[in-house]
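Here are the chains, one letter per residue:
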Amino acid sequence: MTTVKSRPVGALLRQWRERRRLSQLQLSLDADISTRHLSFVETGRSKPTREMILRLSEHLDVPLRERNGLLLAGGYAPAYPASGLDAPELTAVRAALRQVLAGHEPYPALIVDRAWQLVDGNASIQLFLEGAAPDLLTPPVNVLRLSLHPEGMAPNILNLGEWRAHVLGRLRRQAAATADPALTDLLAELRGYPCDQPEPEVELPGAGDVVVPLRFRHRDQRLAFFSMTAVFGTPLDITVAELAIESFFPADQPTMDTLRSAGSR
């Protein structure tokens, strides 16, 4: 969790408001409080109640982990649990995740946490992992590091410049939205990896493309994928809120035929 105890809760709320590019007037209208009250909260002249912190956090779309930090900074107990994925209360969640992974075969699918660490994956993700350096596959495996590292997937990504620009752009937006210093550090690390292809500043479609494809060489075959991300719709647990399923689909018929043929063996 981001360390917040050394800063007043009002200053932290102001920081989140500015990060969301909202004026005091706009936030006060959204949260149905007076601008004067919001100003007093942000400057420390008024101590916000637990309910006020939660209300402002909701309208500022603050991640659950950071909402707990705001509550602690305001002198209140955390509101959101962070259960272990193996906890009994997450039995239904684990079952749903496994069902999605298994049901996506023979196409690759994986589960990542907020830091892009691999939580689980189906058997088909092995085609991405083949040939990667052992240290990149030692848990915890960071899938973004694995994808762009010169000893990971990068040598087999045929459109590395395009895919790298997509990955870095996505991570940059996530780091800005969450204010997570670990993601900022990861972004700096990934930017330092070599790339011998031009990286587009703006993602534009190529001929026939409707999404940014991952063009990947697996042994003697050239495969093409697009990905979809799924998250839980109404999470109230930090662990659940920070999980995402990355599902890869064949972007052309030859890739579909290859994966289906491999899955039938």
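Nothing here was measured: the structure is a model prediction, and the numbers come from that model.

The rules we used
- Residues numbered from 1 in each chain as written.
- Predicted model: local features only at pLDDT ≥ 70, side-chain atom pairs only at ≥ 80, totals over all residues.
- Heavy atoms only, no water.
- Helix = DSSP H or I, 4+ residues; strand = E, 2+ residues; numbered from the N terminus.
- Buried < 20%, exposed > 50% of the residue type's maximum accessible area, 1.4 Å probe, protein only.
- pLDDT = per-residue confidence, 0-100.
- Contact = heavy atoms within 4.5 Å.
- 1 Å grid on protein atoms, 1.4 Å probe; cavity = no way out; pocket = protein on both sides within 12 Å on 5 of 7 lines; lining within 4 Å.
- Points joined across faces, edges and corners; volume = space filled by probe spheres on them.
- Nonpolar A, V, L, I, M, F, W, Y, C, P; charged D, E, K, R; others polar.
- Phe/Tyr/Trp six-rings, centres within 6.5 Å; stacked < 30°, edge-to-face > 60°.
- Lys NZ or Arg CZ within 6 Å of the ring centre and 35° of its normal.

1. Some details on unusual backbone geometry
Part 1 of the reasoning: Residue Glu105 is joined to Pro106 through a cis peptide bond whose omega torsion reads 10°.
Part 2 of the reasoning: Omega for the bond connecting Pro139 with Pro140 falls within 30 degrees of zero, at 0°, which places this linkage in the cis form.
Part 3 of the reasoning: Along the chain, the position of Pro140 falls in the loop between helix H7 (126-129) and helix H8 (143-148).
Part 4 of the reasoning: Its identity as a non-glycine residue notwithstanding, Asp61 has a phi of 55°, on the positive side.
Part 5 of the reasoning: Structurally, Asp61 is set in the loop between helix H4 (50-59) and helix H5 (64-73).
Part 6 of the reasoning: A relative accessible area of 55% means that Asp61 is categorised as exposed.
Part 7 of the reasoning: If you check the backbone angles, Ala179 has positive phi at about 60° while not being a glycine.
Part 8 of the reasoning: Within the element layout of this structure, Ala179 appears in the loop between helix H9 (160-178) and helix H10 (181-191).

2. With respect to the confidence of the model for the protein
Part 1 of the reasoning: Chain-level statistics for the protein give a pLDDT mean of 93 and a share of 93% at 70 or above.
Part 2 of the reasoning: Strand E1 (residues 109-112) holds the highest mean pLDDT among the elements of the protein, 98, whereas helix H12 (residues 253-263) holds the lowest, 90.
Part 3 of the reasoning: Within the model, the stretch residues 1-5 combines pLDDT values under 50 with 11 contacts to residues more than four positions away or in other chains.

3. Some words on the layout of surface pockets
Part 1 of the reasoning: The space that makes up the largest pocket amounts to roughly 710 Å³.
Part 2 of the reasoning: In terms of lining, the largest pocket is formed by 26 residues, of which the most central are Pro63, Thr178, Val231, Ala241 and Glu242.
Part 3 of the reasoning: Of all elements in the fold, only H5, H9, helix H11 (238-241) and strand E5 (244-250) reach the threshold of two or more residues within the lining of the largest pocket.
Part 4 of the reasoning: Among the elements that make up the lining of the largest pocket, the one with the highest residue count is H9 (four residues).
Part 5 of the reasoning: Here the residues of the lining of the largest pocket sort into 13 nonpolar, three polar and 10 charged.

4. A look at the packing of aromatic side chains
Part 1 of the reasoning: Evaluation of the coordinates by the stated rule reveals five aromatic pairs.
Part 2 of the reasoning: Summarising the aromatic geometry, the rings of Phe128 and Phe225 are spaced 5.4 Å apart at their centres and angled 70° between planes, so their arrangement reads as edge-to-face. Placement of the pair is Phe128 in helix H7 and Phe225 in strand E4 (residues 221-230), with a sequence separation of 97 residues. Here Phe128 matches Phe225 in class, with each residue buried.
Part 3 of the reasoning: Relative to Phe249, the ring of Phe226 has its centre 5.5 Å away and its plane inclined at 15°; by these criteria the two rings are stacked. Taken as a pair, Phe226 in strand E4 and Phe249 in strand E5 lie far apart in primary sequence, 23 residues in all.
Part 4 of the reasoning: Assessed through its relative accessible area of 24%, Phe249 is described here as partly exposed.
Part 5 of the reasoning: Here the aromatic residues Phe128, Phe216, Phe225 and Phe248 are joined through ring pairs into a cluster of three or more.
Part 6 of the reasoning: Across the ring face of Phe40, the terminal group of Arg45 is positioned such that the distance to the ring centre comes to 4.1 Å.

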